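Descriptive analysis of the structure
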Amino acid sequence: MTVRKGPSLPTLRELTERACNDPQRMKARKTEAKIIEMMPARAWLSCTAVSRLIGAPDDGKTRARLDRLVRDSKFERKREQGTHGPVYLFRSFREQRPAGLP
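Here we summarise the structure given alongside this text. Quick caveat, the model's predicted, so the values are computed rather than measured. (Residues numbered from 1 in each chain as written. Predicted model: local features only at pLDDT ≥ 70, side-chain atom pairs only at ≥ 80, totals over all residues. Heavy atoms only, no water.)

1. Regarding the packing of helix α3 (residues 47-54) against helix α4 (residues 59-71)
- Direction vectors running N to C along α3 and α4 enclose 100°, while the axes themselves pass 9 Å from each other. What the angle tells us is that α3 and α4 run roughly perpendicular. In this structure, α3 uses C47, T48, V50, S51 and I54 to contact α4, whose residues at the interface are D59, T62, R63 and L66.
- When its residues are assigned to classes, the contact of α3 with α4 shows four nonpolar, three polar and two charged. (Axes fitted to C-alpha atoms, helices over the stretch in contact; angles between N-to-C directions. Helix = DSSP H or I, 4+ residues; strand = E, 2+ residues; numbered from the N terminus. Parallel < 35°, antiparallel > 145°, perpendicular 65-115°, else oblique. Contact = heavy atoms within 4.5 Å. Nonpolar A, V, L, I, M, F, W, Y, C, P; charged D, E, K, R; others polar.)

Written out as structure tokens, the structure reads:
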């Protein structure tokens with residue numbers, strides 16, 4: 001008895017990249033771009049500080065965006081002990097550009 005393989009199923013990556021023009025993802029990419037643009041170079045900031053920096057009202061969504069940037073190797077994350085428990089700090093990898101250069 002032989003087993004037939006049906007049409008191959010798309011991988012998880014293909015499924016996640018399929019509809020990237022939906023409003024939620026467009027807003028998420030805009031938020032990521034804003035974080036990358038406004039984040040000071042080589043400075044460690046908490047999620048709350050980043051939210052205030054970009055003017056976002058919700059820390060949870062900002063944390064999701066920061067986690068994605070860490071996963072994409074654009075930011076790095078470290079865990080430290082804050083006054084109320086553990087806190088994650090984030091910083092970008094880009095170097096500070098000298099004044100006057102584009």
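2. Some details on the pairing of strand β2 (residues 75-82)
- Judged from the eight bridges that link them, β2 and strand β3 (residues 85-92) form a sheet pairing that is antiparallel. Looking at β3, one finds that G82 is bridged to G85.
- Taken together, β2 and the strand that follows it, β3, pair antiparallel across an intervening segment of two residues. (Pairing = 2+ DSSP bridges.)

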